[in-house]
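A closer look at the structure
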Amino acid sequence: MKESGIPFRKMAFVCVHERAGEAACANADRGEDSGANLVELLREEIHKRGLKGKIRVVKSGCLDVCAAGPNVMIFDGEGKAVYFSRVTAGDLPAIIAALVSG
Ligand code: FES
């Protein structure tokens, strides 16, 4: 095994978990605010900005804060983390700003 820092400037974990009958970030009733849609929109914007390979947007399983979803957590290689809860598609500019800053 080899240990090293993360190979990206930042990583965003977007919960895409679905759960029948209970609140979950990617349940279909969330519509455009579903985690599954948010991850695609974030990836599209990262690609448009030429940041593929530098900033990674990852589909995450349940992050165990379901009642506050949709949830997005951003980590960088220096141990800093930011947590966005109750995310909507309208919040994506703020999340992109957090991803590209620093
Ligand atoms: S379903 Fe997203 S945090 Fe649990």
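Use the structure listed above.
None of the values given here were measured: they were computed from a predicted structure.

The rules behind these values
- Residues numbered from 1 in each chain as written.
- Predicted model: local features only at pLDDT ≥ 70, side-chain atom pairs only at ≥ 80, totals over all residues.
- Heavy atoms only, no water.
- Core = buried A, V, L, I, M, F, W, Y, C linked by side-chain atoms within 4.5 Å.
- Buried < 20%, exposed > 50% of the residue type's maximum accessible area, 1.4 Å probe, protein only.
- Helix = DSSP H or I, 4+ residues; strand = E, 2+ residues; numbered from the N terminus.
- Contact = heavy atoms within 4.5 Å.
- Axes fitted to C-alpha atoms, helices over the stretch in contact; angles between N-to-C directions.
- Parallel < 35°, antiparallel > 145°, perpendicular 65-115°, else oblique.
- Left-handed = near helix turned anticlockwise from the far one by under 90°.
- Nonpolar A, V, L, I, M, F, W, Y, C, P; charged D, E, K, R; others polar.

Describing the nonpolar core
Generally speaking, a soluble globular protein has its nonpolar side chains buried in company with each other. With 18 residues, the main nonpolar core has Val14, Leu42, Ile46, Val72, Ile74, Ile95 and Leu99 as its most contacted residues. Here this core gets five residues from one element, more than from any other, and that element is helix α2 (residues 92-100). Beyond its immediate sequence surroundings of up to four residues, Leu42 is in contact with Val14, Val57, Leu92, Ile95 and Ile96.

Concerning the packing of helix α1 (residues 35-48) against α2
Between α1 and α2, whose axes approach to 11 Å, the crossing angle comes to 50 degrees. In terms of their interaxial angle, α1 and α2 are classed as oblique. When you trace α1 past α2, the crossing you get is right-handed. Along its contact with α1, which presents Leu38, Leu41, Leu42, Glu45 and Ile46, the element α2 presents Leu92, Ile95, Ile96 and Leu99. The class makeup of the residues in the contact of α1 with α2 is eight nonpolar, no polar and one charged.

By themselves, these observations are geometric and do not establish any function.
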